[in-house]
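Structure at a glance
Residue strings, one per chain:
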Amino acid sequence: MHIGPDDLGAIYAPPTDRVIAKQLPRIDRHAANFIGLSPFCVLATAGPDGTVDASPRGGNPGFVRIENETRLLMPDRPGNNRIDSFRNVLSGSGYVQLIFFVPGLDETLRVGGNAKLSADADVLATMIEFGKLPRAVLDIAVREVYFHCGKALMRSKLWSPEARVARSAQPSISEVIHEQTGQGTPESQDAVEARYKTQL
């Protein structure tokens, strides 16, 4: 049996007033502290056809810069050049969602807002990391900010040492893609990591 819109009320209780009230229209001091501690987030965008892209983004803690309580700047670093997220921003609604993670903390922070893409040389020059300028910057006008409770990460034991998976459990990404596509040369994990160190 598939669930329809009218079935949801019978399955889920309404959210409490507190859950609704925790959504803020700005970055307060607690959200700012969390973003400053975060070395990793997931960026979600939607295209004009309704398809959604979610991609990981990372850097040194605080790599997403807070310009003020309603503006964030996210530098773009070298990747696979598919630029699905940026195509969605430019051709879709432009609305993005970010979920920030901080290693060791089970709570996460969601930030949503309208994004534009910038290649302003003055802005790029202020965001050098790993010895490199970003190629572009995502300029986000913040509309909603709220913390997620830690239950999902607690269930997953994401930060627990006993939950850590040995790297040998999965072939290197190079080996996987070679098998999937028949293209390129399969590289060992050591070779992949050595190459990545020059591409951050």
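It should be emphasised that the depicted structure is a prediction, and the values quoted were computed from it without experimental measurement.

Thoughts on the overall build of the protein chain
The helix and strand inventory of the protein chain stands at eight helices and seven strands. Looking at the protein chain residue by residue over its 200 residues, the buried ones come to 29%. Long-range contacts, defined as pairs at least 24 residues apart, comprise 64% of the intrachain contacts of the protein chain with a sequence gap of at least 6. Total accessible area on the protein chain stands at roughly 12900 Å², and carbon and sulfur atoms take up 56% of it. In the protein chain, 22 side chains carry a positive charge and 23 a negative one; their mean positions are 3 Å apart.

Quick notes on the packing of aromatic side chains
On inspection of all chains with the given rule, the structure shows two aromatic pairs. Judged by centre distance (5.5 Å) and plane angle (80°), the rings of Phe34 and Phe147 are edge-to-face. Residue Phe34 is located in helix 3 (residues 29–37), and its partner Phe147 is located in strand 7 (residues 137–148); the two are separated by 113 residues in the primary sequence. Classification of Phe34 by relative accessible area gives buried; the value is 6%.

Describing the pairing of strand 3 (residues 65–68)
Note: strand 3 against strand 4 (residues 71–75), three bridges, orientation antiparallel. When the sheet's bridge partners are listed, Ile66 is paired in strand 4 with Leu72. Linking two consecutive strands that pair antiparallel, namely strand 3 and strand 4, is a turn of two residues.

A look at the sheet that holds strand 2 (residues 52–58)
Here seven strands make up an open sheet; going across it, the order is 2-1-5-6-7-4-3 and the pairing antiparallel. Each edge of the sheet is formed by a strand with only one pairing partner; in this case those strands are strand 2 and strand 3. Each neighbouring strand pair of the sheet contributes to a mean axis angle of 30°, computed without reference to strand direction. Bridge count for strand 1 (residues 40–46) against strand 2 is seven bridges, and the pairing is antiparallel. Looking across to strand 2, one finds that Cys41 is bridged to Arg57. Contacts between helix 3 and the sheet are confined to strand 3, strand 4, strand 5 (95–101), strand 6 (108–118) and strand 7, with strand 6 contributing the most and set at about 75° to the helix.

Brief notes about the side chain of Ser85
The residue Ser85 is located in helix 4 (residues 84–91) in this model. A polar side-chain atom of Ser85 sits 3.3 Å from a polar atom in the side chain of Ser55. Side chain to side chain, Ser85 and Arg57 meet in a polar contact 3.4 Å long. Not counting the four nearest positions on each side in its chain, Ser85 is found in contact with Leu43, Thr45, Asp53, Ser55 and Arg57.

Considerations on the UniProt feature "domain: Pyridoxamine 5'-phosphate oxidase N-terminal" (unreviewed entry) in the protein chain
Feature annotation in UniProt places "domain: Pyridoxamine 5'-phosphate oxidase N-terminal" (unreviewed entry) on residues 29–149, given in this structure's numbering. Within the segment residues 29–149, helix and strand shares are 18% and 44% respectively, and the terminal C-alpha atoms sit 18 Å apart.

Describing the domain arrangement of the protein chain
Here the protein chain is partitioned into domain 1 (5–156) and domain 2 (165–199). Placing a centre on the C-alpha atoms of domain 1 and another on those of domain 2 gives a separation of 28 Å.

What to know about the environment of Glu107
Along the chain, the position of Glu107 falls in the loop between strand 5 and strand 6. The exposure class of Glu107 is partly exposed, given its relative accessible area of 36%. Taking the C-alpha atoms as reference points, Glu107 and Asp49, separated by 58 residues in sequence, lie 32 Å from one another. Not counting the four nearest positions on each side in its chain, Glu107 is found in contact with Phe34, His148, Cys149 and Gly150.

Quick notes on the environment of Glu175
Relative to the helices and strands, Glu175 is located in helix 7 (residues 173–181). Overall, the relative accessible area of 32% leaves Glu175 in the partly exposed class.

Calculation rules
Residues numbered from 1 in each chain as written. Predicted model: local features only at pLDDT ≥ 70, side-chain atom pairs only at ≥ 80, totals over all residues. Heavy atoms only, no water. Helix = DSSP H or I, 4+ residues; strand = E, 2+ residues; numbered from the N terminus. Buried < 20%, exposed > 50% of the residue type's maximum accessible area, 1.4 Å probe, protein only. Contact = heavy atoms within 4.5 Å. Areas by Shrake-Rupley, 256 points an atom, 1.4 Å probe, with all protein chains shown as cover. Lys, Arg positive; Asp, Glu negative; His and termini not counted. Charge placed at Lys NZ, Arg CZ, Asp CG, Glu CD. Phe/Tyr/Trp six-rings, centres within 6.5 Å; stacked < 30°, edge-to-face > 60°. Pairing = 2+ DSSP bridges. Axes fitted to C-alpha atoms, helices over the stretch in contact; angles between N-to-C directions. Polar contact = N/O pair within 3.5 Å; in protein donor to acceptor, adjacent residues only side chain to side chain. UniProt positions renumbered as here; feature names shortened; annotations may be inferred. Domains from an automatic or database assignment.

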